[in-house]
Amino acid sequence: MDKLDDAIRTVRELDEADDQSPLAKVHPLAKLVTALVFAVLVTSVPKYRLDLCFAMGVWLYGYAVFFRLSPGECLRRLWGLFLLLFFVGITNPILDRKVLFVMGRVNVTSGMISMLSLFLKGALTLFSAWFLAVSCGMLNILSALKAVHVPQVLLNVIYLIYRYLTLLLEEASRVFTAYRLRAPGQRGLHFSVWGSLVGSMLLRSMDRAETVYQSMELRGYQPEYAFTDSTPWNGTSSLYLILCLISMALLRFIPIFSFLGSLVMN
Amino acid sequence: MIRLNDISFAYDRSRPVLSHVSLQIGKGERVGIAGANGAGKSTLLKLLVGLLFPDPMGKTPQESGWIGIDGIQVTKKNLAAVRQKIGYVFQDSDAQLFMPTVEKDVAFAPKNYGLDAVQTQKRVEEALSLVGIEDLRKRSVLELSGGQKKLVSLATVLSMRPDILLFDEPTIALDPGNRRRFIRILPELGGTHLIVSHDLDLLLETCGRIILLSEGRIVADGDTETILRDQSLLEANGLELPLLIQGQRLASSADQRTQ
Ligand SMILES: Nc1ncnc2c1ncn2[C@@H]1O[C@H](COP(=O)(O)OP(=O)(O)O)[C@@H](O)[C@H]1O
Ligand SMILES: [Mg+2]
């Protein structure tokens, strides 16, 4: 199944960062902190403040352009998650119908605004998490977390789940192919076989997870020492961190867009 | 040197998988372990690298036998030291490979052993060129054929520069061309080799010594020619004469008839 294979590739490629990226010289910890602060700033935007969501979007877009990261790539790979986000706030316009203003013939309600801002906030967080993942790589993120003393046990669990994810997807792809070959002309899976397919998928992937873990162990993976990163912090990282945090905070706390908006209105 | 001294093992107590196995393999030897399906061959390899531990069978560890690799006993405490000496090529290459690209998979072990980027890269180059797969370097592991995956698995353990290589059914998924290639590469790798297989032709061509395992016991241990020509011994243990020897026999009996 092509979509599944795509997903497998996506997950695997997140393993390590692209060395050619202009962000390669920045310490993973700096990128991690930036992404975390961004997530906090975005999610704390009040729910009717579309202008601030917009401002944070502008910041992230600028970031992507500056560091040559591709939002399109993120959309293409994670479109399912974006779709999911869209449905998260879908009940807001129904529940919250207070009319805020009228645009042409449409009554714009506060529910519509809050749904939109919820979607934007989610989408921006997703984009920034994706940018972090592609510019850092899973292993580097883990070593950054280790540097700030996140417990090793937690890191190992995250790492193994991440490893397990590819196996699960691969098994899903195999099981699905085997099914399709014996059920030609069918679209999707007939519900009567879901149980047994999912069952065999889980069993097989767990089996393989065990062997893969053995293979990691035999090649020197020691959970207690993993993710020790020796790359030193450098000036570039400090500069990056300071500039990112300042520019982000400015856009978040100074309502530039509503100010511009009021200028236009007047 | 590999030593097993009176090793017994069972996954569940009622069905012993290995019983009182003792053997000794010298430095630089290439030994084949032959036996039918379920004879306990893979289990034996897993014991050597400490993926499994011998069953004490109610006795104290001193009485229950031990495994030594270059004088280091395989215990939980010594695992890191033991494993650094051994490269284990899995039967299922899919299970062995998990990194996004060939290059990164081959680099996994040296990185874990604390080599820096430059040294790691050197090890990667060395392993890829030993196996002759430099051109696969940037490929995604998902896109490789069975034969290529096997060669990559081999490279991923060679990058640790192990003294001992263990192969579990190395040729089982290979086509004749790749099988040939594997056989050609083997002598160039150096070190002690232990090859588990029921592909007796492979063992005939590559090994000087054969250990025949049946239902968890060693039923024969000797030089390749003697054991692999012993038709009744092989058949009693669920195996057949290697095709090469069957062919030689057919040819010589045909010769006798024409004379
Ligand atoms: N994980 C396991 N749990 C229980 N039994 C096992 C397990 N792995 C192997 N066995 C059993 O142990 C015996 C020997 O297996 P194995 O060493 O894989 O044989 P071989 O590699 O010679 O074919 C077989 O009877 C097999 O069913
Ligand atoms: Mg086996």
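Rules used throughout
- Residues numbered from 1 in each chain as written.
- Chains lettered and ligands numbered in written order.
- Predicted model: local features only at pLDDT ≥ 70, side-chain atom pairs only at ≥ 80, totals over all residues.
- Heavy atoms only, no water.
- Helix = DSSP H or I, 4+ residues; strand = E, 2+ residues; numbered from the N terminus.
- Buried < 20%, exposed > 50% of the residue type's maximum accessible area, 1.4 Å probe, protein only.
- Contact = heavy atoms within 4.5 Å.
- Areas by Shrake-Rupley, 256 points an atom, 1.4 Å probe, with all protein chains shown as cover.
- Patch = residues over 30% accessible without salt bridge, like charges linked within 9 Å, V, L, I, M, F, W, Y side chains within 5 Å.
- Salt bridge = Lys/Arg side-chain N within 4 Å of Asp/Glu carboxyl O.
- Near = heavy atom within 4 Å.
- Polar contact = N/O pair within 3.5 Å; in protein donor to acceptor, adjacent residues only side chain to side chain.
- Nonpolar A, V, L, I, M, F, W, Y, C, P; charged D, E, K, R; others polar.
- Buried area = accessible area lost by both parts, 1.4 Å probe.
- Pairing = 2+ DSSP bridges.
- Axes fitted to C-alpha atoms, helices over the stretch in contact; angles between N-to-C directions.
- Lys, Arg positive; Asp, Glu negative; His and termini not counted.
- Domains from an automatic or database assignment.
- Parallel < 35°, antiparallel > 145°, perpendicular 65-115°, else oblique.
- Left-handed = near helix turned anticlockwise from the far one by under 90°.

*Asks:* Could you give an account of the overall build of chain A, naming the residues involved and the relevant values?
*Replies:* When helices and strands are counted, chain A shows 11 helices and 2 strands. Along the chain direction, N to C, the helices and strands of chain A fall in the order α-α-α-α-α-β-β-α-α-α-α-α-α. Dimensions of chain A along its principal axes, counting C-alpha atoms only, are 70 × 55 × 30 Å. Across the 266 residues of chain A, 40% fall into the buried class. A separation threshold of at least 6 residues defines the contact pool for chain A, and within that pool the share at least 24 residues apart is 79%. Surface accessibility of chain A: about 15100 Å² in total, with carbon and sulfur atoms responsible for 70%.

*Asks:* Tell me about a nonpolar patch on the surface, and name the residues and values.
*Replies:* All names here are of chain A. A contiguous nonpolar surface patch, about 990 Å² in accessible area, is contributed by I242, I246, L250, F253, I254, I256, F259, L260, L263 and V264. Secondary-structure elements contributing two or more residues to the nonpolar patch are α10 (235-253) and α11 (256-265). Among the structural elements, F259 can be located in helix α11.

*Asks:* Outline the site of ligand 1, listing residues and values.
*Replies:* All names here are of chain B. Neighbouring residues of ligand 1: Y11, R15, V17, A36, N37, G38, A39, G40, K41, S42 and T43. Take K41: an N or O atom from its main chain is 2.9 Å from an oxygen atom of ligand 1. Interatomic distance of 2.7 Å between a side-chain N/O atom of S42 and an oxygen atom of ligand 1. With the chains in place, 60% of the 560 Å² that ligand 1 exposes on its own is no longer accessible. Elements that contribute at least two residues to the shell around ligand 1 include exactly β2 (15-25) and α1 (41-48). Top contributing element to the shell around ligand 1 by residue count: α1, with 3 residues. Partitioned by chemical class, the residues of the shell around ligand 1 number 4 nonpolar, 5 polar and 2 charged.

*Asks:* Explain the pattern of salt bridges to me, and be specific about the residues and the numbers.
*Replies:* Inspection of every chain in the model, using the stated rule, returns 17 salt bridges over all chains. Close ionic contact of D70(B) with K85(B) constitutes a salt bridge, the shortest N to O distance being 3.5 Å. Of the two residues, D70(B) is situated in the loop between β4 (66-69) and β5 (72-73) and K85(B) in helix α2 (residues 79-85); the sequence distance between them amounts to 15 residues. Residue D70(B) is classed as partly exposed on the basis of its relative accessible area of 27%. Put simply, E73(A), R76(A) and R77(A) are held in one network by salt bridges that share partners.

*Asks:* Which residues make up the interface of chain A and chain B, and what values go with them?
*Replies:* Counting from both sides, the interface comprises 23 residues of chain A and, opposite them, 26 residues of chain B. Summing the contributions of chain A and of chain B, the shared interface buries around 2300 Å²; its carbon and sulfur component is 57%. Inspection of the region where chain A meets chain B yields 2 salt bridges. Seen at the junction of chain A and chain B, the total is 5 residue pairs in polar contact (both at pLDDT 80 or more). Of all the secondary structure elements, the ones that give two or more residues to the side of chain A that touches chain B are α1 (2-13), α8 (152-182) and α9 (194-218) of chain A. A per-element tally of the side of chain A that touches chain B places α9(A) first, with 8 residues. For the side of chain A that touches chain B, the class distribution of residues is 7 nonpolar, 5 polar and 11 charged.

*Asks:* Outline the sheet that holds strand β6 (residues 86-89) of chain B, supporting the account with residue identities and numerical values.
*Replies:* All names here are of chain B. With mixed pairing, the 6 strands of this open sheet are ordered in space as β6-β7-β8-β3-β9-β10. Since the sheet does not close on itself, it has two edges, and those belong to β6 and β10 (217-223), each with one partner. Averaged over neighbouring strand pairs, the angle between their axes works out to 15° when direction is ignored. Bridging between strand β9 (residues 209-214) and β10 involves 6 bridges; their strand directions are antiparallel. Counterpart to I210 in the pairing with β10 is G222.

*Asks:* Help me get a handle on the side chain of E169(B), residues and values and all.
*Replies:* Residues and elements named next belong to chain B. Following the sequence through the fold, E169 ends up in the loop between β7 (164-168) and α7 (176-189). The buried charged residue E169 lacks any salt bridge, with K41 as its nearest oppositely charged partner at 4.0 Å. Reaching out from E169, the side chain makes a polar contact with the backbone nitrogen of H198 at a distance of 3.4 Å. The contact partners of E169, leaving out residues within four places of it in the chain, are K41, Q91, K150, V196, S197 and H198.

*Asks:* Provide a residue-level description of the sheet that holds strand β1 (residues 2-12) of chain B, including the pertinent values.
*Replies:* Residue and element names in this part refer to chain B. Strands sit in the order β2-β1-β4-β5 across an open sheet of 4 strands; the sheet is antiparallel. Across the chains shown, the open sheet's two edge strands, defined by having one partner strand only, are β2 and β5. One ladder, built from 7 bridges, connects β1 with β2; its direction is antiparallel. By the bridge assignment, F9 is partnered in β2 with L18.

*Asks:* Tell me what's going on with the domain arrangement of chain A, and back it up with residues and numbers.
*Replies:* Many descriptions give the size of an interface as the accessible area lost when the pieces come together. Residues and elements named next belong to chain A. Here chain A is partitioned into domain 1 (1-149 + 232-260) and domain 2 (151-229). If you average the C-alpha positions of domain 1 and of domain 2, the two centres end up 28 Å apart. Tallying the contact residues gives 18 residues for domain 1 and 22 residues for domain 2. In this assembly, domain 1 packs against domain 2 so that about 1700 Å² is buried in total across both faces, 67% of it on carbon and sulfur atoms.

*Asks:* So what about the packing of helix α4 (residues 102-112) of chain B against helix α5 (residues 117-131) of chain B? Which residues, and what values?
*Replies:* In helix packing, the relevant descriptors are the interaxial angle and the interaxial distance, both defined with respect to the helix axes. All names here are of chain B. In the contact formed by α4 and α5, the axes pass within 9 Å of each other and the chain directions differ by 120°. Taken as axis vectors, α4 and α5 run oblique relative to one another. Handedness of the α4/α5 crossing: right-handed. Residue-level contacts link V102, E103, V106, A107, P110 and K111 of α4 to T120, Q121, R123, V124, A127 and L128 of α5. Class assignment of the residues belonging to the contact of α4 with α5 gives a composition of 7 nonpolar, 2 polar and 3 charged.

*Asks:* Requested: an account of the environment of R76(A), with residues and values cited.
*Replies:* The residue R76(A) is located in helix α4 (residues 71-88) in this model. C-alpha of R76(A) to C-alpha of V37(A): the two residues are 39 residues apart in sequence and 25 Å apart in space.

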